[in-house]
Amino acid sequence: MIRKRIGDLLIDAGLITEHQLQEALQIQKTGKEKLGDVFLNMGFITEQQLIEALELQLNIPHVQLHRYRLDQSLLGIIPERLANMYRVLPLKKEGNKLMVAMVDPLDYYAIDDLRMSTGFVIEPAIASKDEILRAISRYYGMQGSVEEVMQTMQPQIDLAVDREIIDEDSPVVRMVNQIIQQAVHQRASDIHIDTQADGIRVRYRVDGVLRTERTLPKHMHGVVCARLKILANLNIAERRVPQDGRFHIDIDLRTVDVRVATLPTAHGEKIVMRVLDEKTAVNDIEKLGFEPYNLERFQHLLRHTHGIVLITGPTGSGKTSTLYAALNRLNTDEVNIVTVEDPIEYQVDGINQVQVNHTAGLTFASGLRAILRQDPNVIMVGEIRDGETAEIAVRAALTGHLVFSTLHTNDAVASVTRLIDMGIEPFLVSSSIVGVIGQRLVRRICHECAEPYLPHVDELRLLEARGLPANHLRLGRGCGSCNRTGYRGRVAIQEVMRVDEQLRRLIMEKRPDSEYRLHCIQNGMKTMFDDGLNKVAAGVTTFAEVFRTTMAEGETSA
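Residues numbered from 1 in each chain as written. Predicted model: local features only at pLDDT ≥ 70, side-chain atom pairs only at ≥ 80, totals over all residues. Heavy atoms only, no water.

## Thoughts on the overall build of the protein
Along its length, the protein carries 20 helices and 18 strands. Sequence separation of at least 24 residues holds for 64% of the intrachain contacts in the protein that already meet a minimum separation of 6. Counting every atom, the protein has about 26,400 Å² of accessible surface; 49% of that belongs to carbon and sulfur. (Helix = DSSP H or I, 4+ residues; strand = E, 2+ residues; numbered from the N terminus. Contact = heavy atoms within 4.5 Å. Areas by Shrake-Rupley, 256 points an atom, 1.4 Å probe, with all protein chains shown as cover.)

See the structure below:
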C-alpha cells in the first residue's frame, strides 16, 4: 500500500520500529491524518529526520523556501484551493515540467490531481510544513487581497459608511482577517500595525521577538485602521486619543480573542493587537516549565489556606499564565474562587471573574472590596498597581483568604520592597506574604534543527561551578520550522521565594534586598539565572537566552 511506503522507508533508515509503524497505522485508521503526520505527532521522528530520510532514500530534493526566490507568476498555475488542500507550492517551470514543493512528496493522489489540473508533469520537492503553510498564506491569500484592495479603493473614502470596511466579502475585510490568521498560524502573541512616512509595517511578535512580516502601501492605512476599529467597537472618527477594545474571530474552527490598542503617532495611528489563543494557553502547572525542585516549592505555596502569593516579572513574562494554572489547580466544587482582572484574558469554568471598568468606577480596589463580601476562599487580583489595592489585598490575606496577584519587579525579593514603597507597613508585609515566584520567558531551541554545541571557556566555568554537565548543550542552526531563528516556542525560568520566620524578621527590620536574597539562597532558593542554566545544561535553551532575559548584576559570575 502507498500509505505504508513512507513507513517502510523510515524503518529502512532506522528511524522507527515495526511496532511503531503498526501503532501509527492503527491511529491513522481512526482519523484523517497522513501517516507522516501521525509519526510526527507521536514523537517517533522529527520533521527534519523525515525530510532527510526522503531526500536520501528517494533522491527527492529538499528546498528551503526562505532561501528560494519564488516566481510569483507561477501562482496562477496551481489554484489556491489545491495549494491549501495538498499543502503544495509551485517553484519553477521548465518546458512541460513543474517543480512543486510538497509536505508529502509521496502523496501520489495529490501529484496526479495536480498533473490533471495543470497539464504539467509534476516533479515533487520536499519542504517543511511550516514553511509551505507560511508561503501559501503570504503569496496566495495576502497578496491577492492587497492587490484587490489597491484596485478597488477610491482616493477619498467615507470610512463611516463605506461598505468596504463592513462587508465580510470585501477585499479589505479579507486582508485584515488574513493578517490575523497568519499571526495565529505563526504563533504570534502580538500584531503591530506601524505607520511610517513611506508605508505601513505589519510586524508579528513570535516567541517574544518582533519581526516584520510585510509592508503595505501608505494609503491603505485608513481602511485597515477603520476595519479594526469597527471590529473592536471603537470610534472610527476619533484619531487624536488612544483607544482600547477587543473582539473575537473564528480561525481554524476555534475562537481567538484579540485585544486592540490604538495610539496617535506623528505618521498616523499605530495599532497593536494582543492575540489570545486559548489553544496555546497553559492551564496546568506541570506544563509551566518548573524544574521538579521549584515545582514542589510552588505546590507547597498552593496548599496554604491564607496569605498572599505573588507572581513577579516584566510585561510578557508569562505571569498571567502562571496565575491561571494555579487557579485551575485549586478550582474545585469546595472552593469559591473570585477574580478581578483588567482585562479578563481567558474565561475559566467554575471561577467567578470580574472585569475592571474604570468608566463605571469599578477598579481593582473597589472590585476587591466587593469580592470580600462574596464569601471567597481564593481571590485573584490581576495586578497590584497602587497602595490602596495592596492594602486591601494584605487585609484580605490576614483575614483568612488566599490571595494571588502580580507585581512588576525584576525578581522575587524586590516585591517586598515594592510593597513597602507602596505604603504597606513592614509588619503587615511580613505577616501576609507566604511566597513569591519570579519569572521570565526564554526561547526554546528548535527541535528540528538543534545540533550539539561546544561551550566557551567562561560558559563551561559557569556550569562547572554549579555541578552541571556540558554534554547535552545544543544550539539551533535555523530552519524553515523556526523561521531561521534557531528557536521555536518558549519556556519559563523561575525562582520560588518562600517566606520563613527569619525572612519575616528581616522584612520587619526593612533590610536591603541583598540581605533578603542572600538569606533565600542560603535556605534553598535557586535564582532565575541558576534555573536558566539548568535548562541550558538540559539542552532546552541557550546561554544567550538566559543572559538576555535575566540581566541581573552579579548573576553571570561563577
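That shown, we press on.
## Regarding the nonpolar core
Ile308, Leu310, Leu419, Val429, Ile433, Met497 and Leu503 are the most contacted members of the largest nonpolar core, which has 39 residues in total. Ranked by residue count, the leading element in this core is helix H13 (residues 387-398), at 6 residues. In this structure, Met497 is in contact with Arg297, Ala412, Val413, Val416, Val434, Gly435, Val436, Leu503, Cys520 and Met525, ignoring residues within four places of it in sequence. Ranked by size, the runner-up nonpolar core spans 30 residues in total, among them Ile78, Leu98, Met99 and Phe120. (Core = buried A, V, L, I, M, F, W, Y, C linked by side-chain atoms within 4.5 Å. Buried < 20%, exposed > 50% of the residue type's maximum accessible area, 1.4 Å probe, protein only.)

## Description of the packing of helix H12 (residues 364-371) against H13
Where H12 meets H13, the axes come as close as 8 Å, and the angle between the chain directions of the two elements is 20°. By the angle class used here, H12 and H13 are roughly parallel. H12 and H13 meet at a crossing whose hand is left-handed. The residues of H13 that touch H12, namely those facing Phe364, Ala365, Leu368 and Arg369, are Glu388, Thr389, Ile392 and Ala393. Of the residues contributing to the contact of H12 with H13, the split by class is 5 nonpolar, 1 polar and 2 charged. (Axes fitted to C-alpha atoms, helices over the stretch in contact; angles between N-to-C directions. Parallel < 35°, antiparallel > 145°, perpendicular 65-115°, else oblique. Left-handed = near helix turned anticlockwise from the far one by under 90°. Nonpolar A, V, L, I, M, F, W, Y, C, P; charged D, E, K, R; others polar.)

## With respect to the environment of Ile6
For Ile6, the position within the fold is in helix H1 (residues 2-12). Under the relative-accessibility criterion, Ile6 is labelled buried at 7%. Placed 206 residues apart in sequence, Ile6 and Thr212 show a C-alpha to C-alpha distance of 37 Å. Those residues in contact with Ile6 that sit more than four places away from it in its chain are Leu35, Gly36, Phe39, Leu50 and Leu106.

## Things to note about the environment of Val457
By the element assignment, Val457 lies in helix H16 (residues 457-465). Once the C-alpha coordinates of Val457 and Val258 are considered, the two residues, 199 residues apart in sequence, prove to be 46 Å apart.

## Points about the sheet that holds strand E13 (residues 378-381)
Note on sheets: strands pair through backbone hydrogen bonds, and any given pair is parallel or antiparallel. The sheet built from 7 strands is open, its strands ordered E12-E11-E13-E14-E10-E15-E18 with mixed pairing. A single partner strand is all that each edge strand has here, and the edge strands are strand E12 (352-355) and strand E18 (487-498). Put simply, the sheet's adjacent strands are angled 20° from each other on average, direction ignored. Here strand E11 (residues 337-341) runs beside E13; their pairing, made up of 4 bridges, is parallel. Bridged to Val338 within E13 is Ile379. Relative to strand E14 (residues 402-407), helix H11 (residues 319-330) is tilted by about 170°, and along the sheet it contacts strand E10 (307-312), E11, E12, E13, E14 and strand E15 (433-445). Running over the sheet, helix H19 (residues 528-537) touches E15 and E18 and is turned about 140° from E18. (Pairing = 2+ DSSP bridges.)

## Side note on unusual backbone geometry
Geometrically, the link from Asp342 to Pro343 is a cis peptide bond, its omega value of -5° lying close to zero. Inspection of the secondary structure assignment puts Pro343 in the loop between E11 and E12. Look at Arg187: it is not a glycine, yet its phi comes out positive at around 65°. Along the chain, the position of Arg187 falls in the loop between helix H8 (171-185) and strand E4 (188-195). In this model, Asp207 sits at a positive phi of 55°, which is unusual for a non-glycine residue. Following the sequence through the fold, Asp207 ends up in the loop between strand E5 (200-206) and strand E6 (209-216). Classification of Asp207 as buried rests on a relative accessible area of 9%.

## With respect to the pairing of E11
Most of E11 is tucked away, with 5 of its 5 residues classed as buried. Every second residue of E11 is oriented toward a common face, with Ile337, Thr339 and Glu341 on one face and Val338 and Val340 on the other, all of them buried. When E11 meets E12, the two strands line up parallel, connected through 4 bridges. Considered in E12, the bridge of Thr339 is made with Gln353.

## Here we look at the sheet that holds E4
Strand order in the open sheet formed by 6 strands is E6-E5-E4-E9-E8-E7, and the pairing between neighbours is antiparallel. Looking at which strands have only one partner, the edges of the open sheet turn out to be E6 and strand E7 (243-251). Direction aside, neighbouring strands of the sheet carry axes that sit 20° apart on average. Sitting on the sheet, helix H9 (residues 221-231) is in contact with E4, E5, E7, strand E8 (254-265) and strand E9 (268-277), with an inclination near 45° to E9.

## As for the domain arrangement of the protein
Domain boundaries assigned for the protein yield domain 1 (6-134), domain 2 (167-277) and domain 3 (285-442 + 492-525). Computed from C-alpha atoms alone, the centre-to-centre distance between domain 1 and domain 2 is 33 Å. (Domains from an automatic or database assignment.)

## Concerning H13
Between the first and last C-alpha of H13 there are 16 Å, a value that for 12 residues agrees with the 16 Å anticipated at 1.5 Å per step. Listed as buried for H13 are Thr389, Ala390, Ile392, Ala393, Val394, Ala396 and Ala397. Between the side-chain oxygen at the start of H13 and the backbone nitrogen of Glu388 there is a gap of 3.2 Å, and the oxygen is on Asp386. (Expected span 1.5 Å × (residues − 1). Polar contact = N/O pair within 3.5 Å; in protein donor to acceptor, adjacent residues only side chain to side chain.)

## Points about the packing of aromatic side chains
Tallied over the full model, the rule gives 4 aromatic pairs. Relative to Phe298, the ring of Phe290 lies with its centre 5.0 Å away and its plane at 25°, an arrangement referred to as stacked. Residue class for Phe290 comes out buried when judged on its relative accessible area of 9%. What makes Phe298 buried here is its relative accessible area of 0%. When the centroid spacing of 5.9 Å and the interplanar angle of 70° are considered together, the rings of Tyr324 and Tyr346 count as edge-to-face. (Phe/Tyr/Trp six-rings, centres within 6.5 Å; stacked < 30°, edge-to-face > 60°.)

## Describing the pattern of salt bridges
Tallied over the full model, the rule gives 30 salt bridges. With its nearest N and O atoms 2.2 Å apart, the salt bridge here joins Asp257 to Arg246. Residue Asp257 is located in strand E8, and its partner Arg246 is located in strand E7; the two are separated by 11 residues in the primary sequence. One connected set of salt bridges, linked through shared partners, spans Asp194, Arg201, Arg203 and Lys270. (Salt bridge = Lys/Arg side-chain N within 4 Å of Asp/Glu carboxyl O.)

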